[in-house]
Amino acid sequence: MMLELAASYVGAVVGAGFASGQEQVHFFFPMRLQLEKGIRQIGLGVLLAGVLFVLLGAALGELAFRYQSSSSRDFLRRLVPWPLCAMYDWLMTSFIFWSLSIMLAGSGMLFEQTMGLSKMTGILLTAMFTVFATAAGIDGLLVVNLVMSPFMVAMPVVVAVLSTWKRAHGFLLPLFSSSSRGTSASALTPSWPLSALLYVSYNVLLAVGVFASMGRDIPDKDAARRGGVLGGIALMFFLVAIQSVLATYGRYVFGEELPMLKAASYHGLFIARGYSLALWFAMATTSVCSVFTLSQRLSGHFSVSKLGLIAGITATACLPAQLGFAKLVGIVYPIIGYLGLPILGLILLEFPKT
């Protein structure tokens, strides 16, 4: 169960925004990358985010086991004071829905760039896969994550190693050349500590739903904690790998909807195709996690079959997915990150209690 829990944690967090590099561009590169100060700030931000992923993974696993929860609503009732419980329950439900829409939007962009298909075709194909995988229940969720997570974690590491090797042998521009720039600074992410906190906040909110849904299936506290830690370490390595690639290519990829896919294309068609597959795996796993969590949460509110509810949720999420991938990432995630900060604080306060 430890490996399943770790894989589900990675699958919940590593979606289109994470694996594509679009999230990191928004949150860790909001300044011009010319001076040593800029390099240091990005490194500290990534380190803080990685440590928080590990700590919160352990905390979420143990709390889900302790609460014996079966949904995010069960989890929040134990964690959040009563007057705020309903508000945060619906906040998390709303965020998970928007995360699903962003995954579908990213898949549309991916299919358009790599296969020449329309964005809507890519959205619909991913939606169909999501419906069938989610309909299999917890077993389908675990199988999808166990099969796809190792590959989608490995590919960014491969691209990072290749980029580092080429840079060391003089095939690439120096790290942070004088002409390199980051994205325009955002009023929503004004400093590196706050950017790191917001980045972890909205990512962990989605993971809360997955951990909470598995609470009754976790055999013991040690498996819960080790699964969370293992998943957090994998996320830290994943984040470091992506950041190293983005730092290497700078302005050559920052303007892309899928920056990491552009970086992978510099290493040949085979690597580019492999990264495309890994990126779609990332979108698919998060889509399945999102729909599974939403169906668990909403099952008591609609008198429809399980398959009908899953299909309805997925079809509804296809509508805002057409707004555009980068736009949704840049606006929705920082706002949800701010709203989720109190949840992070409560998780860390509750974790040490016996």
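Residues numbered from 1 in each chain as written. Predicted model: local features only at pLDDT ≥ 70, side-chain atom pairs only at ≥ 80, totals over all residues. Heavy atoms only, no water.

Chemist: Is there a simple way to explain the overall build of the protein in this structure?
Modeler: Helix and strand counts for the protein come out as 15 helices and zero strands. For the protein, buried positions account for 56% of its 354 residues. The contacts in the protein between residues at least 6 apart in sequence include a share of 84% that link residues at least 24 apart. Accessible area of the protein: about 14100 Å², with a carbon and sulfur share of 68%. (Helix = DSSP H or I, 4+ residues; strand = E, 2+ residues; numbered from the N terminus. Buried < 20%, exposed > 50% of the residue type's maximum accessible area, 1.4 Å probe, protein only. Contact = heavy atoms within 4.5 Å. Areas by Shrake-Rupley, 256 points an atom, 1.4 Å probe, with all protein chains shown as cover.)

Chemist: Mind showing me how you'd approach the pattern of salt bridges here?
Modeler: Between side chains of opposite charge, a pair can form when the charged atoms approach closely. Evaluation of the coordinates by the stated rule reveals two salt bridges. Arg 225 is paired through a salt bridge with Glu 62; the nearest N and O atoms lie 2.3 Å apart. Of this pair, Arg 225 sits in helix H10 (residues 221-249) while Glu 62 sits in helix H4 (residues 36-67), and the two are 163 residues apart along the sequence. Arg 225 gets classed as partly exposed once you look at its relative accessible area, which sits at 36%. Sharing partners across several salt bridges, the network here consists of Glu 62, Arg 66 and Arg 225. (Salt bridge = Lys/Arg side-chain N within 4 Å of Asp/Glu carboxyl O.)

Chemist: Looking at this structure, how should I read the packing of helix H5 (residues 72-79) against helix H6 (residues 82-115)?
Modeler: Angle between the axes and distance between the axes: these two values describe a pair of packed helices. Taken N-terminus to C-terminus, the directions of H5 and H6 make an angle of 145 degrees; their axes are 9 Å apart at the nearest point. In the crossing of H5 with H6, the sense of the turn from one axis to the other is right-handed. Taken together, the residues of H6 that come into contact with H5 (itself represented by Ser 72, Arg 73, Leu 76 and Arg 77) are Cys 85, Tyr 88, Asp 89 and Met 92. Among the residues forming the contact of H5 with H6, the class breakdown is four nonpolar, one polar and three charged. (Axes fitted to C-alpha atoms, helices over the stretch in contact; angles between N-to-C directions. Left-handed = near helix turned anticlockwise from the far one by under 90°. Nonpolar A, V, L, I, M, F, W, Y, C, P; charged D, E, K, R; others polar.)

Chemist: Looking at this structure, I do not really get the packing of aromatic side chains. What am I missing?
Modeler: When we look at a pair of aromatic rings, we describe it by the centre distance and by the angle of the planes. Tallied over the entire structure, the rule returns nine aromatic pairs. Site record: aromatic cluster; members linked through ring pairs are Phe 53, Phe 95, Tyr 199 and Tyr 202. (Phe/Tyr/Trp six-rings, centres within 6.5 Å; stacked < 30°, edge-to-face > 60°.)

Chemist: Is there a simple way to explain the side chain of Ser 295 in this structure?
Modeler: With respect to the helices and strands, the residue Ser 295 is situated in helix H13 (residues 269-298). Reaching out from Ser 295, the side chain makes a polar contact with the backbone oxygen of Phe 292 at a distance of 2.8 Å. When neighbours within four sequence positions are excluded, Ser 295 is seen to be in contact with Leu 309, Ile 310 and Ile 313. (Polar contact = N/O pair within 3.5 Å; in protein donor to acceptor, adjacent residues only side chain to side chain.)

Chemist: For this particular structure, what's the right way to read the environment of Ser 213?
Modeler: Counting through the fold element by element, Ser 213 comes out in helix H9 (residues 192-213). Counting along the chain gives 139 residues from Ser 213 to Asp 74, while the straight-line C-alpha distance between them is 8.8 Å. Excluding residues within four positions of it along the chain, Ser 213 makes contact with Ser 69, Ser 70, Ser 71, Phe 292, Thr 293 and Gln 296.

Chemist: Help me out: how do you make sense of the environment of Leu 309 in this one?
Modeler: When you line up the elements, Leu 309 lands in helix H14 (residues 306-317). Taking the C-alpha atoms as reference, Leu 309 lies 8.3 Å from Leu 298; in sequence the two are 11 residues apart.

Chemist: I keep staring at helix H7 (residues 119-135) and nothing clicks. Help me out?
Modeler: Counting along an α-helix, one turn takes 3.6 residues, and residues three or four places apart therefore face a common direction. End to end, H7 covers 24 Å across 17 residues, agreeing with the expected 24 Å (1.5 Å per residue, within 8%). Those residues of H7 that sit buried are Gly 122, Ile 123, Thr 126, Ala 127, Thr 130, Val 131, Ala 133 and Thr 134. Among the residues trailing H7, Gly 137 stands out with phi positive, at a value near 80 degrees. (Expected span 1.5 Å × (residues − 1).)

Chemist: Hey, could you run me through the environment of Pro 219 in this one?
Modeler: Note that Pro 219 resides in the loop between H9 and H10. For the pair Pro 219 and Met 1, spaced 218 residues apart in sequence, the C-alpha separation works out to 7.4 Å. Beyond its immediate sequence surroundings of up to four residues, Pro 219 is in contact with Met 1 and Phe 65.

Chemist: Sorry, what's going on with the packing of H9 against helix H15 (residues 325-350) here?
Modeler: Contact geometry for H9 and H15: axes closest at 7 Å, N-to-C directions at 75 degrees. Regarding the angle of H9 to H15, the classification is roughly perpendicular. Along the contact surface, H9 presents Leu 194, Leu 197, Leu 198, Val 200, Ser 201, Tyr 202, Val 204, Leu 205 and Val 208, while H15 presents Tyr 333, Pro 334, Ile 336, Gly 337, Tyr 338, Gly 340, Leu 341, Ile 343, Leu 344 and Ile 347. Looking at the contact of H9 with H15 residue by residue, the class counts come to 16 nonpolar, three polar and no charged. (Parallel < 35°, antiparallel > 145°, perpendicular 65-115°, else oblique.)

Chemist: Honestly, the side chain of Thr 93 in this entry has me stumped. Any pointers?
Modeler: Its location among the elements puts Thr 93 in helix H6. If we ignore the near neighbours within four places in the chain, the residues touching Thr 93 are Leu 294, Arg 297 and Leu 298.

Chemist: What exactly am I supposed to notice about a nonpolar patch on the surface here?
Modeler: Taken together, the side chains of Met 2, Leu 3, Leu 146 and Leu 230 define a hydrophobic patch exposed on the protein surface, amounting to about 310 Å² of accessible area. Residue position: Leu 230 is located in helix H10. (Patch = residues over 30% accessible without salt bridge, like charges linked within 9 Å, V, L, I, M, F, W, Y side chains within 5 Å.)

Chemist: It is not clear to me how the confidence of the model for the protein should be interpreted in this structure. Could you clarify?
Modeler: Atom-level detail of predicted coordinates should not be read off regions where pLDDT is low. Chain-level pLDDT for the protein is 80 on average; 88% of the residues reach the 70-or-more range. By mean pLDDT, helix H2 (residues 16-20) is the weakest element of the protein at 72, and H14 is the strongest at 91. Low pLDDT, under 50, characterises residues 31-36; the stretch is placed with 15 contacts to residues that sit more than four places away or in other chains. Every residue in residues 174-185 scores below 50 in pLDDT, and together they form 30 contacts with partners more than four places removed in sequence or on other chains. (pLDDT = per-residue confidence, 0-100.)

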